[in-house]
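Observations on chain architecture
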Amino acid sequence: MATPRHIYDDPANLFVAGFIGSPPMNFLQGELVEGTFACAEGRFVTSVAENRKKVTAGLRPEDCRVTRPSQGKIAARVYAVELIGDHTLITCQFGGATVTVKADKSAHYDMDEPIGITFQDAAVFLFDSETGARIGRGADFANSPPQTPLRASS
C-alpha cells in the first residue's frame, strides 16, 4: 500500500506501471548490457549496472521530448499527432514499438516524419520481462521514501 503519487513515481512492477498514468507508460523490449539498455531501435544508458537478457524499459510520455533524429536516444517516425488542448500527444513508431510523447500544445509534426526521442536517464524504469518485477530497487525500498525520477521539460 502506498499513496497514488508514490505508486506513480516508483511502480513496483510492470502491471502497476501499465495502469497508473494517462497516457500510459511506454514499454520497450530489450536487454541490459553493463547498464545500457539495448533494443533493435536504439540503446541508452540506465542507472542499473547489470546484465540481463529480457528487460522491459518503461518511459512515461511526459518524461520524453522530441528532438532531431540525430540527437535522440531513440530514432522514430511520427505515426499520429493529437492536440489535446494544453498539450499534444505525438505517437511514434520504430521497429515493432510504439512510443507516445507528451509535448507542448504548439508542437506540430508531419506523418512519417523522422524524429528523435530523448529523456533523462533517471526517468527510465526497468523491469524483468519474465516476472514483471522492478529492477534496480533497493532491498529496503518498502521502508524508504519515494524516489521521484527526474522530469524532462516538454
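Residues numbered from 1 in each chain as written. Predicted model: local features only at pLDDT ≥ 70, side-chain atom pairs only at ≥ 80, totals over all residues. Heavy atoms only, no water.

**Comments concerning unusual backbone geometry**
Formally: To qualify as a helix, a DSSP run of H or I must reach at least 4 residues; to qualify as a strand, a run of E must reach at least 2; elements of each kind are numbered from the N terminus. Relative accessibility under 20% of the residue-type maximum defines a buried residue, over 50% an exposed one, and the middle range a partly exposed one, all with a 1.4 Å probe and only protein chains included.
At the junction of Ser22 and Pro23, the peptide bond is cis and its omega measures out at 0° in the coordinates. Here Pro23 shows up in the loop between helix H2 (14-19) and strand S1 (26-33). Of note, the phi angle at Asp112 is positive, near 70°, even though the residue is not glycine. Within the secondary structure, Asp112 sits in the loop between strand S8 (97-104) and strand S9 (114-119). In this structure Asp112 comes out as partly exposed when scored by relative accessible area, which is 47%.

**Focus on the pattern of salt bridges**
To be explicit about the condition: Whenever a carboxyl oxygen of Asp or Glu lies within 4 Å of a side-chain nitrogen of Lys or Arg, that contact is scored as a salt bridge.
If you walk through the whole model with that rule in mind, you get 7 salt bridges. The partner of Asp9 in a salt bridge is Arg5, and the shortest N-O contact between them spans 3.5 Å. Of the two residues, Asp9 and Arg5 both sit in helix H1 (residues 4-9), 4 residues apart, roughly one turn of that helix. Judged by its relative accessible area of 53%, Arg5 falls in the exposed class. Among the salt bridges present, the one from Asp10 reaches Arg134, with a minimum N-O distance of 2.2 Å. Highlighted residues: Asp10 in the loop between H1 and H2 and Arg134 in strand S11 (residues 134-135), separated in sequence by 124 residues. Arg134 matches Asp10 in its accessibility class, with the two residues each being buried. Taken together, the shared-partner salt bridges in this structure form one network comprising Glu50, Arg52 and Asp128.

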